[in-house]
Amino acid sequence: MSGYLKRSWETFPMDRIKRVDRPTTKINEDEIKRVRERESGFSKAAAGDYGPRLEKEFRRFVPKHPISGSIAWMRDNMMPFRDGKIAPKTAPIPDDPSAVARHIKETAYFLRADAVGVCKLPPYAVYSHKFSFKNMAAGEAPIELDHKYAVAVLIDQDERTNQAFSGSDWISNSMSMMSYAVSGFVAITLAEYIRRLGYSAKAHYAPYYDIVVPPVLLWAGLGEMSRMGDTVMHPFMGPRFKAAVVTTDLPMEPDKPIDFGLQDFCATCKKCARECPSGAISDGEKVMFNGYEKWPLDKQKCSTMRVGNQHGSGCGTCIKVCPWSKLYTPFHRAVNWTMRHVPQARRFGILGDDLMGYGKPDYRNKWWFDLEDENGDGILTIPKSKEN
Ligand code: B12
Ligand code: SF4
Ligand code: SF4
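The rules behind the values
- Residues numbered from 1 in each chain as written.
- Chains lettered and ligands numbered in written order.
- Predicted model: local features only at pLDDT ≥ 70, side-chain atom pairs only at ≥ 80, totals over all residues.
- Heavy atoms only, no water.
- Helix = DSSP H or I, 4+ residues; strand = E, 2+ residues; numbered from the N terminus.
- Buried < 20%, exposed > 50% of the residue type's maximum accessible area, 1.4 Å probe, protein only.
- Contact = heavy atoms within 4.5 Å.
- Areas by Shrake-Rupley, 256 points an atom, 1.4 Å probe, with all protein chains shown as cover.
- Lys, Arg positive; Asp, Glu negative; His and termini not counted.
- Charge placed at Lys NZ, Arg CZ, Asp CG, Glu CD.
- Near = heavy atom within 4 Å.
- 1 Å grid on protein atoms, 1.4 Å probe; cavity = no way out; pocket = protein on both sides within 12 Å on 5 of 7 lines; lining within 4 Å.
- Sits in = over half its atoms within 2 Å of the grid points.
- Polar contact = N/O pair within 3.5 Å; in protein donor to acceptor, adjacent residues only side chain to side chain.
- Pairing = 2+ DSSP bridges.
- Phe/Tyr/Trp six-rings, centres within 6.5 Å; stacked < 30°, edge-to-face > 60°.
- Lys NZ or Arg CZ within 6 Å of the ring centre and 35° of its normal.
- Core = buried A, V, L, I, M, F, W, Y, C linked by side-chain atoms within 4.5 Å.
- Axes fitted to C-alpha atoms, helices over the stretch in contact; angles between N-to-C directions.
- Parallel < 35°, antiparallel > 145°, perpendicular 65-115°, else oblique.
- Left-handed = near helix turned anticlockwise from the far one by under 90°.
- Nonpolar A, V, L, I, M, F, W, Y, C, P; charged D, E, K, R; others polar.

(A) Representation of the overall build of the protein chain. Looking only at helices and strands, one finds 13 helices and twelve strands in the protein chain. Counting over 388 residues, the protein chain shows a buried share of 53%. Restricting the contact set of the protein chain to residue pairs at least 6 apart, pairs at least 24 apart contribute 80%. Surface accessibility of the protein chain: about 18,300 Å² in total, with carbon and sulfur atoms responsible for 56%. For the protein chain, the centre of its 55 positive side-chain charges and the centre of its 47 negative side-chain charges are spaced 2 Å apart.

Structure (structure tokens):
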């Protein structure tokens, strides 16, 4: 976060990225149906749709490592503050949506966000029904959320750790939890601040969402849809981040979507599809799905890998190996510029990424201990997969 070079008001030079009127993904808004949270791979794993082993593993796959367990404990304690009381009178702030958007984004950066964007909340991004992970017997509840705007907050999953890990060893869930908790802290604080300004606002962060996040990221100009399937790629962090969102009625000028050449890059690269340990990512063409175009993802295979991983905790191999997931150094910035601006150079970039050995674990940077709470009794042991 603070290590990035030359931070001005934004951590990354998003002003240098080409802005477009519509996302680079084909979207037929009228055809998109709102989805039930119950349809997500995690809900299905928790409810037993993917079998009893995954149903059982779902309850321990985060706390089985003590770092991810500790972060998730803190993250869960913030949950009651997602929403709250709105000030009785609106504050005397400028009646200028552009100035307000800039101010809200600067506030999020002040709170330590790594990237921030604003858009109108697409109505189809709101789940139709909420699923209760804690009380499945309660059934599903319809969601009504008519906020007009969304502020998306991205938190880097940490490139140094990303270099060190294999993609699916014992630190993967901790990387996810760290970004979930930190983005949750930023979003909860921002939502409370907006309510103190006199406007309705609600924070959405893992696993407490009323919305599907990727379409918000697209419209907020924070990235393009990638071959990974369900993941939006940022031009400087790649896919190596988690996001939280504040939905609100505070009028703000939306950002525009971006185009940095990713559709062309992903069409050739396919590295994530090649390296995914569960074979969940497609190496084929995009398909139309629920009114928009995407590279398909096998959510059952990925959920089984992330929830049921026997040799580690979680999985983030796709984010590890993606050539866009690099440290923000002068060398990588130069390569990044070339990949964005010179389509003919992309094939060499993709080849070079493999030749340079990127995507392989660099255990010299390994800082965590491999530990497992195998039986959920708080007793930590060396995981069986690590015993000699
Ligand atoms: C459940 C879930 C999963 C499950 C199952 C996914 C599924 N489809 O059910 C699995 C285990 C596969 C998974 C894996 C990962 N996930 Co996930 N996941 C979620 C979660 C919690 C819910 C998504 C959901 O409800 N899906 C069910 C329905 C909606 O799926 P769907 O109809 O197929 O729609 C998907 C996409 O097509 C897209 N989408 C939905 N509507 C629309 C509309 C338009 C116009 C477009 C273009 C796209 C789009 O978003 C949906 C994402 O699953 C979200 C958080 C959230 N609330 O969005 C994070 C989330 C999508 N995951 C995230 C990440 C980072 C990952 C991983 C990289 C894991 C990691 N180690 O970090 C992998 C990547 C998988 C991949 N190859 O893309 C991030 C993505 C951020 C980003 N860069 O876009 C999110 C937003 C979490 C967060 N808070 O940051 N995930
Ligand atoms: S998180 Fe792991 S299993 Fe899921 S798509 Fe990425 S590499 Fe494949
Ligand atoms: S690894 Fe390659 S194909 Fe996969 S998302 Fe990254 S750039 Fe696209």
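(B) Main features of the site of ligand 3. Taken together, the neighbourhood of ligand 3 is formed by 13 residues, with Cys 266, Cys 269, Lys 270, Cys 272 and Cys 322 sitting nearest. Applying the majority rule of atoms within 2 Å of the grid points places ligand 3 in the largest cavity. Among the secondary structure elements, those contributing two or more residues to the shell around ligand 3 are helix H8 (262-269) and helix H9 (271-275). Top element by residues in the shell around ligand 3 is H8. It accounts for three residues.

(C) A look at the site of ligand 1. Surrounding ligand 1, one finds 40 residues, the nearest of these being Tyr 127, Met 228, Asp 230, Thr 231 and Tyr 292. A distance of 2.8 Å separates an oxygen atom of ligand 1 from a polar atom in the backbone of Val 213. Separating an oxygen atom of ligand 1 from a backbone N or O atom of Val 232 is a distance of 2.8 Å. For the shell around ligand 1, the secondary-structure elements that each account for two or more residues are helix H1 (41-47), helix H6 (172-196), helix H7 (214-219), strand E8 (241-248), strand E10 (292-294) and helix H10 (299-308).

(D) Expanded view of the pairing of strand E1 (residues 115-120). Within E1, five of the six residues are buried, which leaves it mostly tucked inside the rest of the structure. The pairing of E1 with strand E4 (residues 149-156) spans six bridges and is classified as antiparallel. The residue bridging Cys 119 from the neighbouring strand is Ala 150, located in E4.

(E) Main features of the packing of aromatic side chains. The tally for this structure, following the rule as stated, stands at 14 aromatic pairs. Aromatic side chains Trp 9 and Tyr 109 sit 6.1 Å apart centroid to centroid with 90° between the ring planes, which places their arrangement in the edge-to-face category. Placement of Trp 9 in the segment before H1 and of Tyr 109 in helix H4 (residues 97-110) is noted, with a sequence separation of 100 residues between them. Residue classification places Trp 9 among the partly exposed positions, given a relative accessible area of 25%. Tyr 109 sits in the buried class, given a relative accessible area of 2%. Ring geometry for Phe 42 against Phe 58: centres 6.4 Å apart, planes inclined by 50°, an arrangement best described as tilted. One end of the pair, Phe 42, is in helix H1; the other, Phe 58, is in helix H2 (residues 52-58), and 16 residues separate them in sequence. Classification of Phe 58 by relative accessible area gives buried; the value is 18%. Linked through ring pairs, Phe 42, Phe 58, Phe 61, Phe 131 and Phe 133 together constitute an aromatic cluster. A cation over a ring is seen here: Lys 294 above Phe 289, with NZ or CZ 5.0 Å from the ring centre.

(F) Structural detail: the nonpolar core. Ranked by size, the top nonpolar core spans 88 residues in total, and within it Val 216, Leu 217 and Met 252 carry the most contacts. Per-element tally for this core: the top contributor is H6, with nine residues. Core analysis: the next-biggest nonpolar cluster, separate from the first, contains seven residues, Ala 273, Cys 276, Ile 281 and Ile 319 among them.

(G) Broad picture of the packing of H8 against helix H13 (residues 346-355). H13 packs onto H8 with a crossing angle of 50° between their chain directions and a minimal axis gap of 10 Å. Comparing the axis directions of H8 and H13 gives the class oblique. Considering the relative orientation of H8 and H13, their crossing is right-handed. When H8 is examined against H13, the residues Asp 264, Phe 265, Thr 268 and Cys 269 are found in contact with a partner set consisting of Arg 346, Arg 347 and Ile 350. Grouping the amino acids of the contact of H8 with H13 by side-chain chemistry returns three nonpolar, one polar and three charged.

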